[in-house]
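# Chain and residue survey
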Amino acid sequence: MKNSDIQAIQLLLATPKKIAIIPHRSPDGDAMGSTLALYHFLLKLNHQPVVIAPNEFPEFLAWLPDSETVLIFEKNKETTTKILQEAELIFTLDFNALHRVGEMENVLKTLSVPFIMIDHHQKPDDYATHTYSDTAFGSTCEMIYNFIDFLGQQNLIDKTIATCIYTGILTDSGSFKYPKTTGRTHRVVADLIDLGVDNSEVPNLLFDNHSYNRLQLLGRALQNLKVIPEHRTSYITLTQEELDTFHYVKGDTEGIVNYGLTIKGIIFTAIFIENKEEKIIKISFRSQGDFDVNQFARDHFGGGGHINAAGGKSDLSMEETIKKFEDLVTKL
Ligand code: 5GP
Ligand code: MN
């Protein structure tokens, strides 16, 4: 982050302010971890922060400290719009373009207060007054740790803040496996553990706390897994009917896409999840090595993300979407 930005932000934070902190739509562990870490940090600086998520966050993140204070825009548009209009400063975390907050974008566009973006996605838009964007980092949470350090406030990181930061580093790094995990990531994590993070309990709460239905849904997803060996590709489909059969709740499909890459020789995988209410097929892409799924998602499915993990959507039917995907894969 540029020195001039740090100084300007220090000035902004020098007096107590009403601050809105915003994660992307369908927030994941990194989005919720980073926004709540910043929330707890700003509370300690005597500000009045509030996290406003565009829509619901998954149940498996509901144990995060103070997650019950998070307001959901799509559930309470009037109140949250008013809070956004009264905010004196806005942080947008873990996304690179305003459309990633869905309908909330219309409100954000009307605001004239300073925006601060902290994010690790490729090709950030330049809507923010101060942008701290770096694709070298595996998570926004690791950048929040840096951000607090840049402000010279590292001593304020307590167990609560550390736990939120740890959550995003853990989830976005695939439990420290993905290539952007560095020695420094581990040194930050070591520091977080020294600050009291329970590094045995947190993964347990995140990954080993599923419902029976979720496991049955995973079973169905794995049965639906198709392999195109000649293109080293695999994919999974889940229809709305299948989701309904297993009483799907938000978060149940999290991480399932990764199974497609665990087959020997497969370097590209996708999961297609039907959403009847939104009339779309939500897609997640994953790759191993050089194949850039961010570009693939941008070019063909109106999405984006990172080189090895991206998402997008399709307005076509499941059959048509799969046909389109298979045709594209044959041309790769
Ligand atoms: P996931 O597949 O876990 O939902 O997302 C993988 C990565 O791609 C995340 O960094 C996420 O923010 C990004 N991503 C997911 N869906 C979309 C999308 O529709 N548009 C864009 N631009 N990025 C997405
Ligand atoms: Mn992230």
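A quick note: this is a predicted structure, and the numbers were derived from the prediction, not measured.

Scanning all chains against the criterion turns up twelve salt bridges. Its salt-bridge partner being Glu105, residue Lys109 comes within 3.5 Å of it at the nearest N-O pair. Exposure remark for Glu105: the relative accessible area of 18% places this residue in the buried category. Several salt bridges converge on common partners, so that one network encompasses Arg25, Glu74 and Glu278.

Let's shift gears to the confidence of the model for the chain. Within the chain, residue pLDDT values average 97, and 100% of them lie at 70 or more. Looking across the chain, the model is least confident in strand β11 (residues 304-305), with a mean pLDDT of 93, and most confident in helix α2 (residues 29-44), with 99.

This next bit is on helix α5 (residues 140-150). In terms of burial, α5 is a largely internal element, nine of the eleven residues being buried. Turning to α5, its buried residues are Thr140, Cys141, Glu142, Met143, Ile144, Tyr145, Asn146, Phe147 and Ile148. At the exit of α5 stands Gly152, carrying a positive phi of roughly 75°.

Overall, the coordinates contain 17 aromatic pairs when judged by the stated rule. An angle of 90° between the planes, with centres 6.0 Å apart, marks the rings of Tyr235 and Phe272 as edge-to-face. With Tyr235 in strand β8 (residues 233-238) and Phe272 in strand β9 (residues 268-275), this residue pair connects regions lying 37 residues apart in the sequence. On the accessibility criterion, Phe272 (0% relative accessible area) is buried. Among the aromatic residues, those joined into a cluster by ring pairs are Tyr235, Phe268, Phe272, Phe285, Phe291, Phe296, Phe301 and Phe325. Stacked on the ring of Phe301, the Lys or Arg Lys324 has its end atom at 4.5 Å from the ring centre.

What counts, and where the lines are drawn
- Residues numbered from 1 in each chain as written.
- Chains lettered and ligands numbered in written order.
- Predicted model: local features only at pLDDT ≥ 70, side-chain atom pairs only at ≥ 80, totals over all residues.
- Heavy atoms only, no water.
- Salt bridge = Lys/Arg side-chain N within 4 Å of Asp/Glu carboxyl O.
- Buried < 20%, exposed > 50% of the residue type's maximum accessible area, 1.4 Å probe, protein only.
- pLDDT = per-residue confidence, 0-100.
- Helix = DSSP H or I, 4+ residues; strand = E, 2+ residues; numbered from the N terminus.
- Phe/Tyr/Trp six-rings, centres within 6.5 Å; stacked < 30°, edge-to-face > 60°.
- Lys NZ or Arg CZ within 6 Å of the ring centre and 35° of its normal.

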